[in-house]
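Observations on the model geometry
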Amino acid sequence: MAAPKTIKPSAGGGGKAAAKLATGKRIVLRLYRFNPDVDEKPVYREYTVTADPTDRVLDALNQVKWYEDGSLTYRRSCAHGICGSDAMRINGVNRLACKVLIRDVGDHVTIEPLMGFRVIKDLVVDMEPFFAQYRSVLPFLINDSPVPSTGRERLQSVHDREKFDDTTKCILCAACTTSCPSFWADENFVGPAAIVNAHRFIFDSRDTNANERLDILNDREGVWRCRTIFNCTEACPREIRITKAIGEVKKAILKGSRDIHIRQPATSHAG
Amino acid sequence: MIHTHTYDALVVGGGGAGMMSAIYLSRTPGLRTAVISKLYPTRSHTGAAQGGVCAALANLEEDHPEWHAFDTVKGSDYLGDQDAIAAMCEEAIPVIIELEHMGLPFSRTPDGKIAQRPFGGHTHHFGQGPVRRSCYAADRTGHMILQTLYQNCIKGGVEFFDEFQVMDVILADDGRCCGCIAYEVATGDLHIFHAKAVEFATGGFGRVWSITSNAHANTGDGVAIALRRGIPLEDMEFYQFHPTGIYRLGILITEGVRGEGGILRNDHGERFMERYAPTMKDLASRDVVSRAISMEIREGRGINGKKMVYLDATHLGADVIENKLPDIADFCRTYLGIDPVKEPMPIQPTAHYAMGGIPTDANCRVVRDVNNTVLPGMYAAGETACVSVHGANRLGTNSLLDLVVFGRRGGLAMAEFCTTADLPPLPKNPEAFAREQLDRLLGVKGGGEPAARIRDEMQDVMQDDVGIYRTGEGMANALAKVRELKERFKGVSVSDKGTRFNTDLLEAWELANLLDLAEVTALSAVNRTESRGAHMREDYQSRDDANWLKHTFVTQRDGEMDITYKPVTITQFQPKERVY
């Protein structure tokens, strides 16, 4: 393992180094490093950065990449929890690096790639199997009946809209699926994220093919692999109640219909 | 290693505009279409848009496309082209309805229609007061548009090349556009995409500035590539600062907060927008509100003397905040440690949106001069393009509308073009220019300057001198500094010399794009000796229609920047003084 290195602070958004030196503290990042082109096996390397308590873990990674070791590789884009690029394992749990603050992770932070997918390089994993699972549940509205002759929108009640509000929040970051022990044990398991996206259409009153998706998820690699462990719900950066959603899909399969009672949250999320 | 692919139509960029075009192309039988995106499409920054997309659906009160068009023209400070604006506001209605039919889960009115709420600068009866025009899905409208379009691309069998970075556009020997060069991030291989038609929908370039709502990915790649290939850039001096970014982080707090009744307050607790915009108050257009916030800060009325004011939503109640603005509540709790139900949000203006870009006609065809000479086979849509429907200042929600309306128009125009056009032969060694740029970055020996330091300095000088308030002296300083940074960029060394997922190399290449765009922005800005929309000069404080009611075109020729002008298209609404 390489000796810890101290890195000059850069300020994530641009040149506020002086302020950071005054208020920041030293954080040791222990990072999983693996480039299959040159490394025989993964190693952990340590880097020391100066960070403010309110900095994001992503800001600390950026400090390393921008000023110390440009070869450190991870995905990132929006930096505020919306695009889903930077899901990774931070101190053993799946988080978005841009949605965890330094003050919440302690002085020593271990960062590793998501589990269950091939590592391409460092913190970057192959997302293709994940998107293949997503595509397998028909993640799009199906309704072949004619649209309203008025030329206007299909109507949907606030109550019906509410039934699938929670699962529309998914950003496909894969934090849930790669936290699931059932997925670790069986890579063919469709996984929580795909079920969330199936739920979003199964319970949409405008969609006509709920039963087809319920059949897909009634497969041996479908919802029944879920053992209600709740890792997915805890991992979700969008706070989707994933285990509840999977439960609703299970219930609909058992009933043979999406017309099940859906318990509404305390507040309604419709406009 | 070089790979060659042949398609009819190629869309570069997997955000809202690109995917809308791809959906329309995929509906045309017999056409082969591909989308190239440097990110997985669902990571695109369209997904960060929050508040809504305007269309005069009149679901809750009287509204008309003409009112929407007037507001857009006035918002643009009369620099928008009125024929394109009228078309956009007319088409808004069928396009939003179509998005609903595609599955977009809009929030709903009590009678089940698409819900609508007020938004900055959107009025009834040509400016009489706010109107409920913004169609929304809670405060994640952009996310739902992006997801819905991606879903429909999957449904339509659109072919994607994910994590392919566009590096160049290919112009055939006869001047037609016939493809692009892309770098496969996973392998470092170059790919030649040979096609009859190419659309650039690569988004904006907010990363030119230090405080921005934009993603790290928003580095203006398509716009910079166009510049390098001799295609002009239009109205680059007009860059929007959104009034309400989270203090120091720049993360967007939607105008929807003010649409729902949120109020801006200074250190005295005063609702200062009443002084700046007596009718629309907190819902005046963005340039007006951002300037007002900056003025409050400059005059010492920032909160506790800091560069921020408060956005107060505490009187809206938990129900409105949790139901209509849940993501905003989440951002505040995550990044500020405050609950917007109980405490006001510390905000400052944040670099947000490029009104300028690659010039196009109203059918997304790229034009290569001020006479609207079409560059055959090349298209641009979304923030990358300048139609111009936003002129000197874009109204809130009109970016999402631009994406879907012009994404659709671009797709239809390309489909029509491809059914008759032939495939121009590729020029010799089409990948040479891209290869040269990469080899140069990889060829600098270790120990050179890190790209990040140059980026920091560029962002700081652009923030200070080409921001909300501008002076001739400041902008000249910024222009000189950016040119110095471009020189220093030649000594930047990339430490990762590998071919596998080399984001070190790509970040350096993206910085070259940002530097080019910063230069054109500063040059266009210092050249325009008036104040209009987002371009506010302290040394020329008035709008000057006699001399400056015209679009700026900057073209790079043999390393020199050439400035020309195009008249504004005025149809219904004659320029008049702009008061909110």
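Residues numbered from 1 in each chain as written. Chains lettered and ligands numbered in written order. Predicted model: local features only at pLDDT ≥ 70, side-chain atom pairs only at ≥ 80, totals over all residues. Heavy atoms only, no water.

**Here we look at the overall build of chain A**
Counting its secondary structure elements, chain A contains nine helices and seven strands. A total of 271 residues make up chain A; the buried ones form 60% of that total. Put simply, of all contacts in chain A between residues at least 6 apart along the chain, 66% involve residues at least 24 apart. Accessible area of chain A: about 10,700 Å², with a carbon and sulfur share of 52%. (Helix = DSSP H or I, 4+ residues; strand = E, 2+ residues; numbered from the N terminus. Buried < 20%, exposed > 50% of the residue type's maximum accessible area, 1.4 Å probe, protein only. Contact = heavy atoms within 4.5 Å. Areas by Shrake-Rupley, 256 points an atom, 1.4 Å probe, with all protein chains shown as cover.)

**Digging into unusual backbone geometry**
Residue and element names in this part refer to chain B. Cis geometry marks the peptide bond from V387 to S388; its omega dihedral reads 5°. Here S388 is to be found in the loop between strand 20 (385-386) and helix 11 (398-420). Positive phi is not limited to glycine here, since R248 has a value of about 75°. Looking at where R248 falls in the secondary structure, it is placed in the loop between strand 13 (239-246) and helix 6 (256-259).

**Quick word on the environment of M1 of chain B**
Residues and elements named next belong to chain B. Along the chain, M1 turns up in the segment before strand 1 (2-12). Through-space distance from the C-alpha of M1 to that of D402 is 38 Å; in sequence the pair is 401 residues apart. Discounting residues that sit within four places of it in the chain, M1 has contacts with D189, L190 and R435.

**Things to note about the interface of chain B and chain A**
In this assembly, 72 residues from chain B lie in contact with 78 residues from chain A. When residues of chain B are sorted by the area they lose upon contact with chain A, R43, H216 and R500 of chain B head the list and together hold 13% of the total. Counting across the chain B and chain A interface gives nine salt bridges. Linking K121 of chain A and D496 of chain B is a salt bridge whose minimum nitrogen-to-oxygen distance equals 2.6 Å. (Buried area = accessible area lost by both parts, 1.4 Å probe. Salt bridge = Lys/Arg side-chain N within 4 Å of Asp/Glu carboxyl O.)

**Digging into the pattern of salt bridges**
Inspection of every chain in the model, using the stated rule, returns 80 salt bridges over all chains. Across the pair R56 of chain A and D59 of chain A runs a salt bridge, and its minimum N-O distance is 3.1 Å. For R488 of chain B, the salt bridge is made with E457 of chain B, and the minimal N-O distance between the two is 3.0 Å. Highlighted residues: R488 of chain B in helix 14 (residues 472-489) and E457 of chain B in helix 13 (residues 451-465), separated in sequence by 31 residues. Beyond isolated ion pairs, a larger network of salt bridges with shared partners links D77, E237, D287, R291, R528, E530, R532, R543, D545 and R578 of chain B.

**Examining the nonpolar core**
Ranked by size, the top nonpolar core spans 137 residues in total, and within it L29, L61, I90, I111, L217 and V249 of chain A together with I96 of chain B carry the most contacts. If near-sequence neighbours (up to four positions away) are discounted, V249 of chain A is found in contact with I195, H199, I202, F203, L214, L217 and V223 of chain A. Judged by nonpolar contacts, the second largest core, of 85 residues, contains M458, V482, F501 and A525 of chain B. (Core = buried A, V, L, I, M, F, W, Y, C linked by side-chain atoms within 4.5 Å.)

**Side note on the state of the cysteines**
Summed over all chains, the structure comprises zero disulfides over all chains. The thiol sulfur of C180 of chain A is not disulfide-bonded, and the nearest other cysteine sulfur, from C232 of chain A, lies at 6.6 Å. Here C386 of chain B stays unpaired: no disulfide links it, and the sulfur of C364 of chain B, its closest cysteine neighbor, is 12 Å away. Looking at C386 of chain B, the relative accessible area reads 1%, which means it is buried. (Disulfide = S-S within 2.5 Å.)

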